[in-house]
Amino acid sequence: LNLLGDVKARVQDKLGVVDFPMPQFILLGKQSVGKSRLIEALAGETFNFISGTLGSRRPTVLEFRNVASARSSRWFVRDMKTQMWEEHNLDKVMALVGEMHEELGENVSAEPIYVRIESAGCVDMQIVDLPGFRDFAMDASKQHLAKQIEDLDMTFMRDKRNVILCVEQAADAATMASLQKCRSLDPRFERTILIRNKLDKYYNDLTPENVSKWVDGFGDLPDNLVRFSFTLPYWREGTTPPKPFRELSEDMNAEDIRQMNARGLGQKYMQTIGFKNFAAFMEKKIERMFVDSIGPVLSSLKDLRTQAEKVARNLSIEFSDTDPHRILSTTRDCGVSFAMALTHVMEGVLDLRPVVNLEDELKEFHQYHAQRGSSHFSTLPCEDFPTLNDYIEYLRSDIQLATFDVELNGGAQFRRLMCEVEIFLRFSEISVETKKRDVIQARGVSMSTLTWRDVVVKLLSNEAHMPLQRRVQYVGERIKWFFVKQKEAVLEFMDKLEGTPASNMYSPLYPKHAKLIKQNEMIKHLLFQTYDKACQRQLQQFVELFDNMLTSTFSNPWVFLKVATVGDGGVDDDLETIGDSVEKTKLRIPKEIESRAGTETLLAQWFNEIPTESSQIDDAVDKVQMLVLKTYSYIRSQMCDQVEIFSESFFKVPMLRQLEMDMAAIQLSDEDSSRYKARRERLETDIKGKQEVVTEIDDCINRITNFKNTCQARGMRMGA
């Protein structure tokens, strides 16, 4: 027990490991059932951990160490800040424990208080005293406190390594509320021990006819439930004990035995009566539990050592790679690997996170720009969608995007993005109605004759360019947002390759560089900063190129609107032209050129229908308005049809091609160099600390292994 207790303390305190496969006893029950007196009996002396009017509100871990040679007991409390054991007299210990409970007010904490006692009269064991269940609360605050306590206790009860000491008052089994809570988490009572306290209060209800049935719980207690019944020392409150506590405990034990013998209780059941039988059982139970735990403890320690050695090795690699003479090349190498990995992520990688569905993606995008106060682009497609939720519902229910609710990243997410921005772009409309005054004003006079074509171009440039431009800006911002959010996915892809079959398909440097990026905040900052700058540059280029195209389109829309040179037979007809002779080609070319004039001919027909007489100006205005809207709809349709190729050509492809060059051109500022120096100093400390951890774990493993071998040599049964 001392060996494993010391190992547990070293692992939890010095190594910071909370989850460790060591068994422990937890003590629970309602308030005033005698839990505190049971702890005193195990300790072999009286004490009172005063926890105020609200009772205990956090666990108390009590470590009892039997020291046969001790003339007097020694008490220790572990300091919560330093995690070191400090010896105090009993009065000081009780005061400290009380203060730790009182500082919580009407709240509960899972952070335990650690108390140790070394004496000749205590039982060798460790027990966790949990706050008592509360069945009744006067007001809402007390009800909330009772709920917190129950949640805390149930958390400890769910841990299957914990053996539950359930304390109830000696009464009918059907009224045992705490035992019912144990049954809900341990239905077979495989790790529950029932303690029926205050047996003396039930003496008069027991007779030779019912005593055996009462011990059995009148059929309400299963046969496999380990149970004990006894009376603990008591005296009138406010007075001193009439005898030393140990003598009182022996007297109560003798009286319990006498009373139950007098009622003819069989020898089988007598083994469950009296505190001495309980203490003897606990000593054997503890020995059995800790012997069985040696194997899992050794296995856990070996896993901890493997993890610590791996961390130390990675820190040493980072320390080597951040040498002042190599740091710039290391940073650039990591950046180039990151840029190359982005291409793989865009190609599609399975089981890669983080992922996002379209609803969450749009909400996060809008929240980001709302916080920044962005107003340079349209955030919603049109006024018919007053809120983002309306637009989201339209995409989900009306458009029914197949991948709307699918969580994606990488290239699949980019494809979905293209569908969404195309839909957004198609909502573009001329924001103001073309008025009669605008048509007349646009016609004007000039050195040459102004045609209705010129009027339509002026009106389009004035009224249609800006709405489409603001939506194109939205497209660019959405693509930029997509690439910015891929950083963590790219890093995850690089990191998860290690030790997988897929690692042979990619650069072996990916996992190494991923660890450097994750461990070194400076490298990560420089890479992400360069990446974000590349995204911003591509956004500016995308918007600029797209805007130049819009400007040229609206300045001469008739050239833009020429239809493609596709034959009457469509694609099949084109396939038949492959391998044509020169003569057939000569015949085909004029037909293709003529076919491009279809829209031009239609537009010319519409322009010819516009009257030029002043008396017919109203009719002319109506026809010009119609032409403006139709021409704009043609331009918008062409733009929307080709938005994906524009996005590929103006944003995605340049981004993927130039990112490697950007990463390879990273420069370190003086501030970056000083930060790297500070990082190396921290690395030296961390490496030394991890090496000490490995040494600490090795010592624990050696101690347990030697102890196990010694016990096996003596013929004791040990766990595997």
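Structure: above.
Residues numbered from 1 in each chain as written. Predicted model: local features only at pLDDT ≥ 70, side-chain atom pairs only at ≥ 80, totals over all residues. Heavy atoms only, no water.

A.B. asks: Where do I start with the overall build of the chain in this structure?
C.D. replies: Helix and strand content of the chain: 26 helices and 9 strands. Relative to its 720 residues, the chain shows a buried fraction of 46%. Intrachain contacts of the chain at a sequence separation of at least 6 include 81% that bridge at least 24 residues. Looking at the chain as shown, the accessible area adds up to about 36900 Å², and 50% of this sits on carbon and sulfur atoms. (Helix = DSSP H or I, 4+ residues; strand = E, 2+ residues; numbered from the N terminus. Buried < 20%, exposed > 50% of the residue type's maximum accessible area, 1.4 Å probe, protein only. Contact = heavy atoms within 4.5 Å. Areas by Shrake-Rupley, 256 points an atom, 1.4 Å probe, with all protein chains shown as cover.)

A.B. asks: Explain the environment of Ser249 to me, please; I cannot follow it from the model alone.
C.D. replies: The topology assignment puts Ser249 in helix α7 (residues 245–262). Residues Ser249 and Phe275, 26 residues apart in the sequence, show an inter-C-alpha distance of 7.8 Å. In contact with Ser249, other than residues within four places in its own chain, are Pro233 and Phe275.

A.B. asks: Sorry if this is basic, but what is going on with the side chain of Lys480 here?
C.D. replies: Secondary-structure assignment places Lys480 in helix α16 (residues 465–484). For the buried residue Lys480, which engages in no salt bridge, the nearest side chain bearing the opposite charge is Glu477, 4.8 Å off. Not counting residues within four places of it along the chain, the set of residues in contact with Lys480 comprises Cys535, Gln536, Leu539 and Phe651. (Lys, Arg positive; Asp, Glu negative; His and termini not counted. Salt bridge = Lys/Arg side-chain N within 4 Å of Asp/Glu carboxyl O.)

A.B. asks: In this structure, what is going on with unusual backbone geometry? I would like to understand it.
C.D. replies: In most cases, non-glycine residues show a negative phi, while peptide bonds are predominantly trans. Note that the residue after Arg353, namely Pro354, is joined by a cis bond; omega there is 5 degrees. Checked against the element boundaries, Pro354 lands in the loop between α10 (327–347) and α11 (358–372). Positive phi, normally seen in glycine, also occurs at Phe189, with a value near 55 degrees. For Phe189, a relative accessible area of 2% gives the class buried. With a phi close to 60 degrees, Lys198 is a non-glycine residue in the positive phi region.

A.B. asks: Teacher, can you tell me more about the packing of aromatic side chains here?
C.D. replies: Following the criterion strictly, the structure yields 32 aromatic pairs and no others. Plain terms: the ring middles of Phe228 and Phe281 are 5.2 Å apart, the flat faces sit at 50 degrees to each other, and that makes the pair tilted. On the criterion of sequence distance, the pair formed by Phe228 in strand β9 (residues 226–229) and Phe281 in helix α9 (residues 275–321) is long-range, its members being 53 residues apart. Relative to Phe275, the ring of Phe230 lies with its centre 5.8 Å away and its plane at 90 degrees, an arrangement referred to as edge-to-face. Of this pair, Phe230 sits in the loop between β9 and α7 while Phe275 is found in helix α9, placing the two residues 45 residues apart along the sequence. Each member of the pair, Phe230 together with Phe275, is buried. Aromatic rings pair up to connect Phe365, Tyr368, Phe377, Phe385, Tyr391, Tyr394, Phe424, Phe427, Tyr474 and Trp481 into one cluster. A cation over a ring is seen here: Arg37 above Trp235, with NZ or CZ 4.4 Å from the ring centre. (Phe/Tyr/Trp six-rings, centres within 6.5 Å; stacked < 30°, edge-to-face > 60°. Lys NZ or Arg CZ within 6 Å of the ring centre and 35° of its normal.)

A.B. asks: I'm lost on the sheet that holds strand β8 (residues 192–197) in this one. Help?
C.D. replies: Pairing between the strands of a sheet comes from backbone hydrogen bonds, and it takes one of two forms, parallel or antiparallel. The 9 strands are arranged β4-β3-β5-β2-β6-β1-β7-β8-β9 in an open sheet whose pairing can be described as mixed. Edge strands, defined here as strands with exactly one partner in the open sheet, are β4 (85–88) and β9. In this sheet, adjacent strand axes meet at a mean angle of 25 degrees when their direction is disregarded. In this structure, strand β3 (residues 74–78) lies alongside β4, joined through 4 bridges in antiparallel fashion. In the strand pairing of β4, Arg78 is matched with Trp85. Running over the sheet, helix α5 (residues 177–185) touches β1 (24–28), β7 (162–169) and β8 and is turned about 155 degrees from β7. (Pairing = 2+ DSSP bridges. Axes fitted to C-alpha atoms, helices over the stretch in contact; angles between N-to-C directions.)

A.B. asks: When you look at helix α17 (residues 487–496) in this model, what are you seeing that I'm missing?
C.D. replies: For an α-helix, 3.6 residues make a turn, and residues three or four places apart therefore share a direction. Buried residues of α17: Lys487, Ala489, Val490, Leu491, Phe493 and Met494, and no others. Against α10, α16, α18 (509–519) and α19 (521–555) lie the buried residues of α17.

A.B. asks: Just checking my understanding: could you explain the packing of α11 against α16 for this structure?
C.D. replies: A packed helix pair is summarised by two numbers, namely the angle formed by the two axes and the spacing between the axes. For the pair α11 and α16, the least separation of the axes is 11 Å and the interaxial angle reads 110 degrees. In this view, α11 runs roughly perpendicular relative to α16, as classed from their interaxial angle. Residues Leu358, Glu361, Leu362, Glu364, Phe365, Tyr368 and His369 of α11 form the contact with α16, whose participating residues are Tyr474, Glu477, Arg478 and Trp481. (Parallel < 35°, antiparallel > 145°, perpendicular 65-115°, else oblique.)

A.B. asks: Would you mind showing me how to read the nonpolar core here?
C.D. replies: Soluble globular proteins tend to pack their nonpolar side chains together in the buried interior. Ranked by size, the top nonpolar core spans 90 residues in total, and within it Phe338 and Phe483 carry the most contacts. The dominant element in this core, judged by the number of residues it contributes, is α19, at 15 residues. Sequence-distant contacts of Phe338, defined by excluding residues within four places in its chain, comprise Lys487, Val490, Leu491, Met494, Ile517, Leu527, Phe528, Tyr531 and Met663. Formed by 42 residues, the second largest nonpolar core is a distinct cluster that contains Leu27, Leu38, Ile127 and Ile193. (Core = buried A, V, L, I, M, F, W, Y, C linked by side-chain atoms within 4.5 Å.)

A.B. asks: It is not clear to me how the state of the cysteines should be interpreted in this structure. Could you clarify?
C.D. replies: One way to say it: the disulfide is the covalent bond shared by the sulfur atoms of two cysteines. Counting across every chain of the model gives 0 disulfides. In this structure Cys182 is not part of a disulfide, and its nearest cysteine sulfur, from Cys166, lies 4.0 Å away. A residue is classified by how much of its surface remains accessible, and Cys182, at 0% relative accessible area, is buried. (Disulfide = S-S within 2.5 Å.)

That's the geometry; what it means functionally is another story.
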